[in-house]
Amino acid sequence: MINLYGKSRANWIVIALAIVIGLSSIVYTNALVNQLLVQEDQQTAIFADIQEYVANVANPDENINALTDIINKNDYLPLILTDEQNRPQAWRNVRLPARGDTLAFLRKRIARMRAEHQPIEFEVAGTRNLIYYEHSTLVSQLRVYPYIQLGVTILFFFFVYVLFSASRKAEQNKVWVGLAKETAHQLGTPISSLLAWLEYFKLDENFDQSIVGELEKDVKRLEMITARFSSIGSPPVLKPENLGEIVASVVEYLEKRLSTKVKISVNINHDFGEIIAPLNQPLFEWVVENLCKNAVDAMSGAGRIDIGVGYTKEARFVQIDFKDTGKGIPSGMFKRVFQPGFTTKKRGWGLGLTLVKRIVENYHQGKIFVAESRVDVGTTFRVLLPTE
Ligand SMILES: Nc1ncnc2c1ncn2[C@@H]1O[C@H](COP(=O)(O)OP(=O)(O)OP(=O)(O)O)[C@@H](O)[C@H]1O
Ligand SMILES: [Mg+2]
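Residues numbered from 1 in each chain as written. Chains lettered and ligands numbered in written order. Predicted model: local features only at pLDDT ≥ 70, side-chain atom pairs only at ≥ 80, totals over all residues. Heavy atoms only, no water.

**Topic: the packing of aromatic side chains**
Then, in step 1: The tally for this structure, following the rule as stated, stands at eight aromatic pairs.
Then, in step 2: Their ring planes at 80 degrees and their centres at 5.8 Å tell us that Phe 156 and Phe 157 sit as a pair that is edge-to-face.
Then, in step 3: Its relative accessible area of 52% is what places Phe 156 among the exposed residues.
Then, in step 4: Each ring, one from Phe 229 and one from Trp 286, has its centre 5.4 Å from the other, and the planes form 65 degrees; the classification is edge-to-face. Of the two residues, Phe 229 is situated in helix 5 (residues 209–232) and Trp 286 in helix 7 (residues 281–297); the sequence distance between them amounts to 57 residues.
Then, in step 5: One Lys or Arg, Lys 357, reaches over the ring of Phe 338 and ends 5.1 Å from the middle of that ring. (Phe/Tyr/Trp six-rings, centres within 6.5 Å; stacked < 30°, edge-to-face > 60°. Buried < 20%, exposed > 50% of the residue type's maximum accessible area, 1.4 Å probe, protein only. Helix = DSSP H or I, 4+ residues; strand = E, 2+ residues; numbered from the N terminus. Lys NZ or Arg CZ within 6 Å of the ring centre and 35° of its normal.)

Structure, rendered in structure tokens:
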């Protein structure tokens, strides 16, 4: 009836968008990092050239301040200048440890730098010198940056999604509850008027009293439906009730209206006495009715529904199993059948199980799930209701 796939498709689009944004940021930043690496390589080479020039070529009269300035102004590239035997002679932007062996520290650092790049060679007065260097912290920061950005983007989309779905759920709740309240309210007036008419007909001796009896049943049914809508539209009122009796009475009502080829049995485990749990009776009857109707729909005309009622271990919950011999539910669909709008029926609204779940979980703090199902064999829906 309703587009089943719309919501999940929208979710995938949002996730895909987050990934695309994150990945493009990684690719772009990587390109930037690579450019920076090349620039830093070139810069180090220039430093080496300048060193060489200053040491060898520059004549004593020449003003070399501008050149040494270039080297001195480097306040980001870590460099270590060594002689031919790799003995450190000078360094820049290398933070030495406050205590300990400076030389050992520098040697370690040189080894690390060598692993990253070949040193740049230059000559001073006929001897070979080396400049070891590594890339600036800016580059290492830039390297992690896109991953942080990706994380932040995903987190952002996640929060937006949670926020939207929470507000959408709140909205749906309002519509649902409002509609139920309004329906109950609107049905109230004609029902009281029908009840008044019934009293009037009962007193009229000329009126066929068997018809009055039938009419009364229908009006009572209407009254019960109104009670359901009114209960779902107001804060739940729960009273300790005898579950076995309620289930049995709903089944009795349903059986009269079903084909004789569908058999319903109610099996109550009395080992621990009567089965009592806090309930809202009109709403709970709705649950039983919906689950039985679905079970009947799942059969092709004939079959069995076995309802088992009992306590779970330590009597913390009452467990009601609805086991049918219908067409079954494929295992991947156990959760989806509860989604609003999900139906496989021509005339279905896909609302029955949504309503049932709502009544069990929101109004009774219970649980409902598909306990077992096999295609072409049958399904068991399990309802757990807290006993306190
Ligand atoms: N006992 C069952 N056996 C097999 N399939 C089931 C059973 N109960 C529910 N389903 C599947 O779950 C779907 C959703 O059920 P739900 O009661 O929410 O809606 P519906 O029965 O299709 O429509 P309606 O709104 O009239 O109840 C059904 O269309 C059916 O495919
Ligand atoms: Mg249904």
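There is more to say after this.
**Focus: the sheet that holds strand 9 (residues 317–324)**
Then, in step 1: In spatial order, the strands read 6-8-9-11-10; together these five strands make up an open sheet with mixed pairing. The open sheet has two edge strands, strand 6 (262–268) and strand 10 (367–374), and neither has a second partner. Across the sheet, the mean angle from the axis of one strand to that of its neighbour is 15 degrees, orientation sign disregarded.
Then, in step 2: With seven bridges joining them, strand 8 (residues 303–311) and strand 9 adopt antiparallel strand pairing. Bridge pairing in strand 9 links Ile 307 to Phe 322. (Pairing = 2+ DSSP bridges. Axes fitted to C-alpha atoms, helices over the stretch in contact; angles between N-to-C directions.)

**Looking at the site of ligand 1**
Then, in step 1: What surrounds ligand 1 is a group of 20 residues, the closest being Asn 294, Thr 343, Thr 344, Lys 345 and Leu 351.
Then, in step 2: In the environment of ligand 1, an oxygen atom lies 2.6 Å from a nitrogen or oxygen atom belonging to the side chain of Lys 345.
Then, in step 3: A distance of 3.0 Å separates an oxygen atom of ligand 1 from a polar backbone atom of Gly 350.
Then, in step 4: Contact with the protein chains covers 91% of the free accessible surface of ligand 1, which is 600 Å².
Then, in step 5: Listed by contribution, the elements that provide at least two residues to the shell around ligand 1 are helix 7, helix 8 (352–363) and strand 11 (378–386).
Then, in step 6: Its residues assigned to classes, the shell around ligand 1 shows nine nonpolar, eight polar and three charged. (Near = heavy atom within 4 Å. Polar contact = N/O pair within 3.5 Å; in protein donor to acceptor, adjacent residues only side chain to side chain. Areas by Shrake-Rupley, 256 points an atom, 1.4 Å probe, with all protein chains shown as cover. Nonpolar A, V, L, I, M, F, W, Y, C, P; charged D, E, K, R; others polar.)

**Section: the pairing of strand 2 (residues 88–92)**
Then, in step 1: Pairing between strand 1 (residues 79–82) and strand 2: four bridges, direction antiparallel. Among the inter-strand pairings, Ile 80 is bridged to a residue of strand 2, identified as Trp 91.
Then, in step 2: Connecting the antiparallel pair strand 1 and strand 2 is a turn made up of five residues, with Asn 86 showing a positive phi of about 65 degrees.

**Quick look at unusual backbone geometry**
Then, in step 1: Backbone geometry at Asn 86 places phi at a positive 65 degrees, although glycine is not the residue there.
Then, in step 2: Assignment of secondary structure puts Asn 86 in the loop between strand 1 and strand 2.
Then, in step 3: Despite not being glycine, Gln 365 shows a phi value in the positive range, around 55 degrees.
Then, in step 4: Note on placement: Gln 365 falls in the loop between helix 8 and strand 10.
Then, in step 5: With relative accessibility at 54%, the residue Gln 365 sits in the exposed group.

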